[in-house]
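A look at the structure
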Amino acid sequence: HVRQLYALVSETLRYSPVLEKLLAGAALLQAEKKLPPQLAKVLVYDLLFGKGLKCGGRWKVLARRHRARLEAELARLKVQQKVSRNEDLLAPVQAASPGGEWASGLGALPAAGGSGRLCLTCPAPPASQVPRYVRVNTLKTCVDDVIDFFKRQGYSYLGKAASMEELRALSGKKFLLDLHLPELLVFPPQTDFHDNLLYTSGHIILQDKASCLPAFLLDPAAGSHVIDACAAPGNKTSHLAAILKNKGQIFAFDVDTKRLATMNTMLTRAGVTGFQLAQQDFLTVDPGDPKYSKVTYILLDPSCSGSGNVRGSIRPTWSCLWARGPQVMAVLPAGMVNRLPTEEAAPSTERLQALAGFQRKVLSHALSFPALRRLVYSTCSLHREENEDVVHAVLQEWGSAFRLVNAFPSWPCRGLAAFPRAECCLRASPADTLTHGFFVAVLERCGEGAAAPSSLPAAAENPQRGEGMAPGTAPRKKKRKKQRVK
């Protein structure tokens, strides 16, 4: 699996100094002269620190042949450094920030197509401390029951966070209730729940906090008809369904067949009902079709540059790995390289202009649905061209028909001052909000039939989300009888 390969390469980079000592002490490279040093590190990491060798063929046989010598060298190294855990062999910066300081990495490799050396220095981004966010799927359970489940698994619940500093300080098996979103639990960075029963049964959704904002701010009333215009892989769709309490109708569009199939599986696992998936370009959807005559809410998260996606928050980004050229890719198991996701470099001006043109077009199209009352526009981009500039241009195009809502006043990071009231928009970043980079704007129709003027989130105006509460305050959860996971 790509996720496992990603973790293997990342952790090999993190343990590189330790692996070099083990290779030297065991004289592995001297004994196996045809074994590339970079591949040797990957094999030894997986053998001693990982989940066991998953590869096959001669490399697996070779590594196992030297297992006893390598294990003895590891034991000697622990005694020498007076430690008992593998993690304690790492330098403090490596132990504290997995995927952080890894300039030594797999070593300096020859630059592709040249005879020089390629510097592998790739400083850790601020995102290296992004926590693990867990959204409780209220279609199947409730916050209190999930908290109880994690406590039974040995986690310590610290209550509701009072500040970003408390989120930053999380470590070990401790977790908090988020200070902004009422159904979001926060765990230390790199906490892995992919094999946890709550995740595999659909009771929790692993979703970055910033990605939870669009559905939370759209806040459709139960029974509403909603469009998720660019829906796959479906986390936001399942969040919408939870807010709707499965009462209403969600129309979800995406052009990719495989992504829709995956989305259908995920939504079914999450207990979502009342949704229709369509393999269709949203721009080809007819706003005048009677089928969509009752659509009052639209969530629009269109294709973008993805410049806010900080996978480096947990591990080195794919672009960092690809930047090392074919020499690094050559150390990976056969058949795996073509499954790595490619990443573009920083988008060119032409690329940004093309994306912004598409985004303006699709946003204007979404606003043309006749019954629309509220729309959330979001991207995982950091570029003003895809964010504030798009919103400003479309608002000017529509004149006084729609207005920009002052979304989530308690949110600390606001839109760039690109036009009047741009501060009504939200931004997110690893440094400021401990999330991936994100942008959100909330638009409401003006005039007759429009939604009541608001300063979102609607928790302050919708009794079901906590009547009379300050914006952004998590309501107290009442025990609800749901499917209880034991």
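Predicted model only: the values in this text are computed from it and were never measured.

A few words now on the nonpolar core. Membership of the largest hydrophobic core comes to 53 residues, with the highest contact counts inside it found for Leu167, Leu213, Leu217, Phe408 and Leu426. Ranked by the residues each element gives to this core, the list is headed by helix 11 (residues 209–218), at 7 residues. Once you skip the residues sitting within four places of it in the chain, Leu213 turns out to touch Leu181, Phe408, Trp411, Leu426 and Val440. If you look at the next biggest cluster of nonpolar residues, it comprises 34 residues, including Phe369, Leu372, Val391 and Ala418.

Assignment of secondary structure puts Val285 in the loop between strand 10 (275–279) and strand 11 (295–300). Judged by its relative accessible area of 3%, Val285 falls in the buried class. For the pair Val285 and Ala229, spaced 56 residues apart in sequence, the C-alpha to C-alpha distance is 9.6 Å. Apart from residues no more than four positions distant in its own chain, Val285 is found in contact with Phe253, Gln280, Tyr292, His365 and Phe369.

By the element assignment, Pro409 lies in the loop between strand 13 (402–404) and strand 14 (426–428). For the pair formed by Pro409 and Cys425, sequence separation is 16 residues and the distance between their alpha carbons is 9.6 Å.

Time to look at the packing of aromatic side chains. Taken as a whole and judged by the stated rule, the model has 23 aromatic pairs. Taking 5.8 Å as the distance between ring centres and 65° as the angle between the ring planes, the aromatic pair formed by Phe150 and Phe175 counts as edge-to-face. You can see Phe150 sitting in helix 8 (residues 143–152) and its partner Phe175 sitting in strand 5 (residues 174–177), a full 25 residues away along the chain. On the basis of relative accessible area, Phe175 is assigned to the buried category, the value being 0%. Considering the side-chain rings of Tyr155 and Phe187, the 5.5 Å spacing of their centres and the 85° angle between planes classify their relative orientation as edge-to-face. Taken together, the positions of Tyr155 in the loop between helix 8 and strand 4 (156–160) and Phe187 in strand 6 (residues 184–187) put the pair 32 residues apart, joining distant regions of the chain. For the residue pair Tyr155 and Phe187, the accessibility class agrees, reading buried in each case. Taken together, the aromatic side chains of Phe149, Phe150, Tyr155, Tyr157, Phe175, Phe187 and Phe193 make up a single cluster linked through ring pairs. The lysine or arginine in question, Lys173, covers the ring of Tyr155, its NZ or CZ lying 4.5 Å from the ring centre. Its end group placed over the ring of Tyr199, Arg269 keeps NZ or CZ at 5.0 Å from the ring centre.

Once that is clear, we can look at unusual backbone geometry. The amide bond that connects Ala232 to the next residue, Pro233, takes the cis arrangement and shows omega of 10°. Mapped onto the secondary structure, Pro233 falls in the loop between strand 8 (225–228) and helix 12 (235–244). Residues other than glycine seldom take positive phi values, yet Lys245 does so here, at roughly 60°. Structurally, Lys245 can be placed in the loop between helix 12 and strand 9 (249–254). Looking at Lys245, the relative accessible area reads 44%, which means it is partly exposed. Notably, Phe408 is not glycine yet its phi reads approximately 50°, a positive angle. Along the polypeptide, Phe408 turns up in the loop between strand 13 and strand 14.

It is worth spelling out helix 13 (residues 257–269) at this point. Between the first and last C-alpha of helix 13 there are 19 Å, a value that for 13 residues agrees with the 18 Å anticipated at 1.5 Å per step. Among the residues of helix 13, those classed as buried are Leu260, Met263, Met266 and Leu267. Taken around the axis of helix 13, the buried residues stretch over an arc of 125°, which confines them to a single face. The outward face of helix 13, more than 90 degrees from its buried face, is lined by the exposed residues Lys258, Thr262, Thr265 and Thr268. In this fold, the buried residues of helix 13 make contact with helix 12, strand 9 and strand 10. Where helix 13 begins, the side chain of Asp256 points an oxygen toward the backbone nitrogen of Lys258, at a separation of 3.0 Å. Backbone geometry just downstream of helix 13 places Gly271 in the positive-phi region, at approximately 80°.

All right, on to the pattern of salt bridges then. All chains considered together, the criterion is met by 13 salt bridges. For Lys41, the salt bridge identified is with Glu20, shortest N-O distance 2.9 Å. Here Lys41 is found in helix 4 (residues 37–48), whereas its partner Glu20 is found in helix 2 (residues 16–26), with 21 residues between them in sequence. The buried category is assigned to Lys41, whose relative accessible area is 5%. Between Asp178 and Lys209 there is a salt bridge, with its nearest N and O atoms 2.8 Å apart. A residue pair is termed long-range when its members are at least 10 positions apart, and Asp178 in the loop between strand 5 and strand 6 and Lys209 in helix 11 qualify at 31 residues. A cluster of three or more residues bridged by salt bridges with shared partners is formed by Arg374, Arg403 and Glu444.

Here we come to helix 12. With respect to burial, helix 12 is a largely interior element, 9 of its 10 residues being buried. Listed as buried for helix 12 are Lys236, Thr237, Ser238, His239, Leu240, Ala241, Ala242, Ile243 and Leu244. Phi for Lys245, located one or two positions after helix 12, is positive at around 60°.

With that out of the way, let us pick up the sheet that holds strand 4. Spatially, 5 strands are ordered 4-5-6-3-7 in an open sheet, and the strand pairing comes out mixed. Only two strands of the sheet have a single neighbouring strand rather than two, namely strand 4 and strand 7 (204–206). Strand after strand, the sheet turns through a mean of 30° between neighbouring axes, direction not considered. Summarising the sheet, strand 3 (residues 132–136) and strand 6 pair through 4 bridges and their orientation is antiparallel. Residue pairing across strands places Tyr133 opposite Val186, the latter belonging to strand 6. Helix 8 contacts strand 3, strand 4, strand 5, strand 6 and strand 7 of the sheet and is inclined by roughly 25° relative to strand 6.

Criteria and thresholds
Residues numbered from 1 in each chain as written. Predicted model: local features only at pLDDT ≥ 70, side-chain atom pairs only at ≥ 80, totals over all residues. Heavy atoms only, no water. Core = buried A, V, L, I, M, F, W, Y, C linked by side-chain atoms within 4.5 Å. Buried < 20%, exposed > 50% of the residue type's maximum accessible area, 1.4 Å probe, protein only. Helix = DSSP H or I, 4+ residues; strand = E, 2+ residues; numbered from the N terminus. Contact = heavy atoms within 4.5 Å. Phe/Tyr/Trp six-rings, centres within 6.5 Å; stacked < 30°, edge-to-face > 60°. Lys NZ or Arg CZ within 6 Å of the ring centre and 35° of its normal. Expected span 1.5 Å × (residues − 1). Arc of directions from axis to C-beta. Polar contact = N/O pair within 3.5 Å; in protein donor to acceptor, adjacent residues only side chain to side chain. Salt bridge = Lys/Arg side-chain N within 4 Å of Asp/Glu carboxyl O. Pairing = 2+ DSSP bridges. Axes fitted to C-alpha atoms, helices over the stretch in contact; angles between N-to-C directions.

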